[in-house]
Each structure stands twice: as C-alpha cells, then as structure tokens.
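These are the residues of each chain, in order.
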Amino acid sequence: MAERLISLPKDAGLLGEMIATSFQYPENPAWSVQTDEKEGLADTVAGIRRLWPLIRIAQVFTPSLRNLLRGYFWEEENRTAGIVIAQPRGKSRNWMVTTVATHPDFRRRGIARKLVNAILAFVRREGGRQVALDVIAGNLPAYKLYESVGFRHFTSMFELEIPAAPAAPAPQFPEGYRLLPLDMMDWQTRYDLEKRIIPAAVQEFETVDPARYQQPAILRLILPLINRIQGTRMVDRSIQHIASGQTVGRMTVTARTKPGGRHNLAARLDPAHAHLAPALLTGLLHEVAQGSAGQVIQMTVMGWQPELLAAAHAAGFKTRIEFHRMGLTLPQAGK
Ligand SMILES: CC(C)(COP(=O)(O)OP(=O)(O)OC[C@H]1O[C@@H](n2cnc3c(N)ncnc32)[C@H](O)[C@@H]1OP(=O)(O)O)[C@@H](O)C(=O)NCCC(=O)NCCS
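Note that this is a predicted model, so its numbers are computed, not measured. (Residues numbered from 1 in each chain as written. Predicted model: local features only at pLDDT ≥ 70, side-chain atom pairs only at ≥ 80, totals over all residues. Heavy atoms only, no water.)

A.B. asks: When you look at the site of the ligand in this model, what are you seeing that I'm missing?
C.D. replies: Close contacts around the ligand come from 21 residues, with Y25, V100, R108, G110 and N139 the closest. Residue R107 places a side-chain N or O atom 3.3 Å away from an oxygen atom belonging to the ligand. At 2.7 Å, a side-chain N or O of N139 approaches an oxygen atom of the ligand. Protein coverage of the free-state accessible area of the ligand, which is 920 Å², stands at 78%. Mapped onto the shell around the ligand, the elements with two or more residues apiece are β4 (94-102), α3 (111-125), β5 (130-136) and α4 (140-149). Classifying every residue of the shell around the ligand by side-chain character gives 11 nonpolar, four polar and six charged. (Near = heavy atom within 4 Å. Polar contact = N/O pair within 3.5 Å; in protein donor to acceptor, adjacent residues only side chain to side chain. Areas by Shrake-Rupley, 256 points an atom, 1.4 Å probe, with all protein chains shown as cover. Helix = DSSP H or I, 4+ residues; strand = E, 2+ residues; numbered from the N terminus. Nonpolar A, V, L, I, M, F, W, Y, C, P; charged D, E, K, R; others polar.)

Structure below.
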C-alpha cells in the first residue's frame with residue numbers, strides 16, 4: 001500500500017515484466033507491446049544486469065548518471081501493482097516521464113495518480129523544472145489523468161513502421177549538401193540545429209539549452225559496451241549545407257545486430273531545406289539495411305516535422321501510433 005523506489009539491478013527483471021504485462025490494450029492490439037519489442041526489452045534488462053557494476057562506478061564520478069531509470073513501484077497486497085519511471089534529458093532540468101502503468105488487476109484505485117504525484121515530487125527535489133511525456137492519442141484514461149495533474153498537450157509524435165528493410169540505394173543529396181559523421185559527444189551541432197528549428201510553442205514546454213545535449217564524458221566508454229550487450233549498433237550523421245557550413249539535418253539509426261527486436265530510426269530536418277526529406281529517408285533506410293536480419297523498422301517523427309512525416313509515408317512507412325506530447329512546468333523547489 002505504498003510506493004518504493006526502483007532499485008537496480010535487482011529490480012531489472014520485475015521492471016521488464018511490469019512493462020510487458022501492463023502495456024497491453026485488448027481493444028487496440030496495435031498499441032500493445034509487441035513480441036519483437038519484448039525481445040528488445042529482454043536484452044535491455046540483461047544489459048542493465050551485466051553492466052550495473054560499471055554503471056555504479058560511473059555514477060560515483062558523474063552525478064547526472066545517478067538519475068538513470070529513476071522511479072517507483074506501487075506495492076499492494078504483496079504484489080507489484082504499478083510503476084512509474086522518469087529520466088532527465090542530458091544534464092538539463094528537463095525530464096521525461098517514460099513509463100506509467102498500473103497492473104490490470106489494480107486499476108481505478110488511484111494508484112497511477114499517486115505514482116505520478118510521487119515522481120513529480122521526486123523530480124522537483126532533484127531540481128527538475130519541466131516535465132514532458134508521450135501519451136497515445138485515444139488513450140483517454142491516461143490523458144485524463146495527466147490533464148488532471150496539470151499536463152498540457154503541446155505537440156505530437158508519430159511512431160511509424162515498415163515491415164522489413166526494403167533495398168535502398170546510397171542516398172544522393174542535391175548538390176551543395178554533404179553527409180558528415182556526427183560524434184556522440186558533439187552536443188553543439190545538435191543544440192544549434194534544434195534551437196533553430198524547434199517551434200517556439202514547443203520550446204516553451206521543452207527549453208532548448210546546451211545542458212540538454214551535453215552528455216557525461218564517461219558515456220563514450222560505456223555506450224559501446226551497452227550497445228554490444230543489447231545487440232545494437234548506432235549511427236549518427238549530420239547533413240551540412242556546404243556554402244553556409246550550417247547543419248540542416250541529422251539522422252540517427254539504432255539498428256539491431258542480433259536477431260529479433262526492432263530497428264529504430266530518428267531524424268531532424270530544417271524546414272528551410274525541406275526538399276532534402278526524401279534523400280534523408282533513403283539514407284536512413286540504406287544505413288539500416290546493412291546487416292539487417294529482416295526486423296521491423298520503427299521511426300519516430302515529431303509532429304512539428306510534417307515534411308519528414310510525408311517523406312516517410314512516401315517511402316512506405318505506415319503510422320502505427322500517434323502520441324500527444326504533454327508537458328508541465330514545476331514550481332521552483334521551496335515555493
Ligand atoms: C492509464 C493507467 C495508468 C491509469 O491507472 P489507474 O491506476 O487505473 O489510474 P487511477 O486510478 O490513478 O486514476 C487516475 C485518473 O485517471 C483517469 N482514469 C483512469 N482510468 C480511467 C478510465 N478507465 N476511464 C476514464 N478515466 C480514467 C481518471 O481521471 C482518474 O481520476 P478519477 O478516478 O479521480 O476520475 C492504466 O489504465 C494503465 O496502466 N493503462 C495501460 C498503460 C498505459 O496506457 N499507461 C499510460 C502510458 S502514457
């Protein structure tokens with residue numbers, strides 16, 4: 001009958017189990033956690049367990065890593081009845097609530113409301129200022145809950161998918177542009193691009209400041225290990241407008257290197273260079289096809305990037321789920 005802090009690595013298995021059993025929607029099967037997503041989740045759980053000693057050491061030197069997967073379980077009748085997880089973005093005061101769920105046997109008893117309030121209090125104690133989350137458009141129970149706690153819908157996010165990697169040629173960017181490797185520690189390029197292209201109405205809820213993009217230096221050592229254990233390969237590229245030297249887009253591929261699971265794609269594109277969208281999609285598909293064992297490819301596109309959405313649909317992607325992104329600003333600690 002109370003919340004308890006999630007404690008890793010011992011809770012890693014329970015965490016995976018709660019997500020797999022609670023994110024099931026009998027009336028909307030497409031929303032449910034799918035079999036291949038469960039495979040990816042199992043690899044993440046295994047990765048947390050195996051890497052935890054290393055993460056603990058990293059946390060001693062890097063305070064911002066201490067908030068990796070922070071959250072609570074709700075315990076009721078000696079069972080785990082609910083879960084909430086939040087995570088800061090980089091070193092910023094901007095947090096994302098990534099998971100909220102109540103086990104089907106315990107719904108409508110106020111558990112999710114208590115967990116959401118508990119995590120907001122936690123974030124506030126940690127100095128967090130803005131909190132955002134994604135809720136499936138049409139998930140009325142969750143939407144109503146968040147709205148009643150003070151969250152407001154400010155943009156959308158689309159999760160698209162395509163059954164398997166279609167053969168895609170190497171991308172041909174129009175003359176005057178080139179593709180460059182983007183180092184995982186190069187926060188400045190990511191920051192400059194997003195500061196320029198994210199609409200003001202979105203930045204109001206999600207402040208674009210350097211801290212959001214700066215990653216702890218230790219990640220350069222840990223991330224390759226995490227990727228190896230999880231069976232993923234990450235590729236990050238930027239698109240440069242050669243004449244001005246300006247970065248006008250970026251593409252990120254998180255591809256599976258093991259059988260099972262799903263590939264993930266993400267991109268950003270300056271709307272002033274919207275004509276690059278088809279080449280960007282070809283580039284993503286070309287990259288993910290290298291060594292693919294036929295997994296489903298998933299891509300997330302923000303609602304404020306309609307040109308990317310249209311190009312993804314033209315490349316054969318179908319919208320699987322539309323999310324509303326909601327946010328709130330916390331009162332300053334001490335007020
Ligand atoms: C959404 C979910 C977390 C709610 O959990 P819960 O513990 O049953 O919610 P609570 O009992 O704390 O209810 C809090 C508020 O949510 C809303 N709510 C919850 N269930 C609802 C329902 N079936 N219909 C309408 N509103 C509902 C109400 O506003 C409720 O407040 P009220 O009881 O004062 O009217 C739960 O249904 C769930 O786990 N769903 C599957 C996973 C999921 O979709 N998570 C959200 C991801 S964004």
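And the narrative resumes.
A.B. asks: I would appreciate a short explanation of the side chain of Q59 in the present structure.
C.D. replies: As for its placement among the helices and strands, Q59 is situated in helix α2 (residues 35-61). If sequence neighbours within four positions are ignored, Q59 has contacts with W52, L65, R66 and L68. (Contact = heavy atoms within 4.5 Å.)

A.B. asks: Please clarify how the environment of A312 should be interpreted in this entry.
C.D. replies: By the element assignment, A312 lies in helix α10 (residues 306-314). Relative accessible area serves as the criterion here: at 0%, A312 is assigned to the buried category. Apart from the residues lying within four places of it in its own chain, the contact partners of A312 are L160, L281, M299 and F317. (Buried < 20%, exposed > 50% of the residue type's maximum accessible area, 1.4 Å probe, protein only.)

A.B. asks: In this structure, what is going on with helix α8 (residues 219-230)? I would like to understand it.
C.D. replies: Because each turn of an α-helix spans 3.6 residues, side chains separated by three or four positions in sequence point in the same direction. Here α8 spans 15 Å end to end across 12 residues, near enough to the 16 Å set by a 1.5 Å rise per residue. Those residues of α8 lying buried are L219, I222, N227, I229 and Q230. Down the axis, α8 shows its buried residues gathered within 165° of arc, on one side only. Exposed residues pointing more than 90 degrees away from the buried face of α8 are listed as L221 and R228. Buried residues belonging to α8 abut α2, β8 (232-241) and β9 (246-256). Of the residues trailing α8, G231 is marked for its positive phi of about 75°. (Expected span 1.5 Å × (residues − 1). Arc of directions from axis to C-beta.)

A.B. asks: Help me understand the side chain of Q295 in this model?
C.D. replies: The topology assignment puts Q295 in the loop between α9 (277-289) and β11 (297-302). You can call Q295 buried: its relative accessible area is 5%. Within the local environment of Q295, its side chain forms a polar contact with the backbone oxygen of G260, the two atoms lying 3.1 Å apart. If near-sequence neighbours (up to four positions away) are discounted, Q295 is found in contact with P163, A164, A165, R256, K258, P259, G260, G261, R262 and H263.

A.B. asks: Could you clarify how one ought to interpret the domain arrangement of the protein chain in this entry?
C.D. replies: How big an interface is tends to be reported as the loss of accessible area on association of its parts. We note that the domain assignment places domain 1 (2-156) and domain 2 (161-321) within the protein chain. Summarising the inter-unit geometry, the C-alpha centres of domain 1 and domain 2 are found 25 Å apart. Contacts between domain 1 and domain 2 engage 32 residues on the former and 31 residues on the latter. With both chains or domains summed, domain 1 and domain 2 bury close to 2600 Å², and 61% of this area falls on carbon and sulfur atoms. Looking only at domain 1, the three residues that lose the most surface to domain 2 are D43, K91 and F154, adding up to 21% of its buried area. At the junction of domain 1 and domain 2, the tally comes to five salt bridges. Close ionic contact of D36 with R262 constitutes a salt bridge, the shortest N to O distance being 3.0 Å. Along the contact surface separating domain 1 from domain 2 lie 13 residue pairs in polar contact (both at pLDDT 80 or more). Going through the elements one at a time, α2, β4, β5 and β6 (152-162) are the ones with two or more residues in the side of domain 1 that touches domain 2. (Domains from an automatic or database assignment. Buried area = accessible area lost by both parts, 1.4 Å probe. Salt bridge = Lys/Arg side-chain N within 4 Å of Asp/Glu carboxyl O.)

A.B. asks: Which parts of the structure should I look at to understand unusual backbone geometry?
C.D. replies: The general pattern is negative phi for most residues beyond glycine and trans for most peptide bonds. Omega for the peptide link from L8 to P9 comes to 10°, which places this bond in the cis form. Even without being a glycine, L69 presents a positive backbone phi close to 55°. Here L69 lies in the loop between α2 and β2 (70-76). In this structure, N78 takes a positive phi of about 60° despite not being glycine. Considering the arrangement of structural elements, one finds N78 in the loop between β2 and β3 (79-88). Its relative accessible area of 85% is what places N78 among the exposed residues.

A.B. asks: Can you help me understand the pattern of salt bridges in this one?
C.D. replies: Between side chains of opposite charge, a pair can form as their charged atoms come close. On inspection of all chains with the given rule, the structure shows 22 salt bridges. In this structure, the salt-bridge partner of D236 is R190, at a minimum N-O distance of 2.6 Å. Here D236, found in strand β8, pairs with R190, found in helix α5 (residues 187-197); they are 46 residues apart in sequence, far enough to count as distant. Both residues of the pair, D236 and R190, belong to the buried class. The shortest N-O distance in the salt bridge between R233 and E287 comes to 3.0 Å. Placement of R233 in strand β8 and of E287 in helix α9 is noted, with a sequence separation of 54 residues between them. Connected through salt bridges with shared partners, the residues R4, K10, D11 and E75 form a single ionic network.

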